[in-house]
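Below are the chains, spelled out letter by letter.
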Amino acid sequence: NAGVTQTPKFRILKIGQSMTLQCTQDMNHNYMYWYRQDPGMGLKLIYYSVGAGITDKGEVPNGYNVSRSTTEDFPLRLELAAPSQTSVYFCASRRGRDRGNEKLFFGSGTQLSVL
Amino acid sequence: GNSVTQMEGPVTLSEEAFLTINCTYTATGYPSLFWYVQYPGEGLQLLLKATKADDKGSNKGFEATYRKETTSFHLEKGSVQVSDSAVYFCALSATGANNLFFGTGTRLTVIP
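Notes on the structure follow. All values derive from a computational prediction rather than experimental measurement. (Residues numbered from 1 in each chain as written. Chains lettered and ligands numbered in written order. Predicted model: local features only at pLDDT ≥ 70, side-chain atom pairs only at ≥ 80, totals over all residues. Heavy atoms only, no water.)

Comments concerning the nonpolar core
Here is a general trend for soluble globular proteins: nonpolar side chains tend to be buried in one another's company.
Residue and element names in this part refer to chain B.
Here's step 1: Judged by nonpolar contacts, the single largest core of 28 residues is most densely connected at W35, L47, L48, F73, L75 and Y88.
Here's step 2: Among the secondary structure elements, those contributing two or more residues to this core are β2 (11-14), β3 (19-21), β4 (23-26), β5 (32-38), β6 (44-50), β8 (62-65), β10 (86-93) and β12 (106-111).
Here's step 3: Of all the elements, β10 adds the most residues to this core, at four residues.
Here's step 4: In contact with Y88, other than residues within four places in its own chain, are Q6, I21, W35, Y36, V37, L47, F62, L75, G105, T106 and L108. (Core = buried A, V, L, I, M, F, W, Y, C linked by side-chain atoms within 4.5 Å. Buried < 20%, exposed > 50% of the residue type's maximum accessible area, 1.4 Å probe, protein only. Helix = DSSP H or I, 4+ residues; strand = E, 2+ residues; numbered from the N terminus. Contact = heavy atoms within 4.5 Å.)

Shown next, in the form of structure tokens:
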């Protein structure tokens, strides 16, 4: 059981470049999330999705876009990379928001540097 | 609103010392509470949880009790090991909310 899989694990971008961080889960979870974790800091929610075709902004959505065309996949797109987007990015998923289904499963992260 | 306030770190302890990491919360309704752990270079993983008042979550020697009267969910372990060195996050899942709310994390280092 793979759980939540993120690719790539590491990436270096130049300012202004674009890239897509991939996230896929094989648990048939409805809810999926993207977080960023800056050095020595906690998690900040970028975007989330409650099901295929439905996405919504989190705390720090500027500079990012997402889509959710299938239950399994939730890619995060950076259009014009900036140094402020240097961070570790985590994708997570959970079955639902009711008791018993609330547990979040995390991927292993993507370390992104923008130079 | 919903929020989690977590004890600031970093925390450094000697092996076999007692650990407490404080966590208090503000929430609407009756939230579920969680502790997640992040080992170096890895994603977060669930350590323990409690879904109602007075519940005690426990795992790997760690414990936390859901205290509604003090809105707290402090993490404790009686005797820490070097392998417990990690960052610990307190989190809540509020009734009707689509996402979890995380504290800022507390880095624990255990020295031999």
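Concerning the interface of chain A and chain B
Here's step 1: Across the boundary between the two partners, chain A contributes 21 residues, which contact 24 residues of chain B.
Here's step 2: Carbon and sulfur atoms supply 50% of the area that chain A and chain B bury against each other, a total of about 1700 Å² over both sides.
Here's step 3: The three residues of chain A that bury the most area against chain B are R97, R99 and E102 of chain A, which together make up 29% of that side's buried surface.
Here's step 4: Applying the counting rule to chain A against chain B returns zero salt bridges.
Here's step 5: Taken together, the elements giving at least two residues each to the side of chain A that touches chain B come down to β4 (31-37), β5 (43-51) and β9 (87-94) of chain A.
Here's step 6: Of the residues that constitute the side of chain A that touches chain B, the class distribution is 11 nonpolar, five polar and five charged. (Buried area = accessible area lost by both parts, 1.4 Å probe. Salt bridge = Lys/Arg side-chain N within 4 Å of Asp/Glu carboxyl O. Nonpolar A, V, L, I, M, F, W, Y, C, P; charged D, E, K, R; others polar.)

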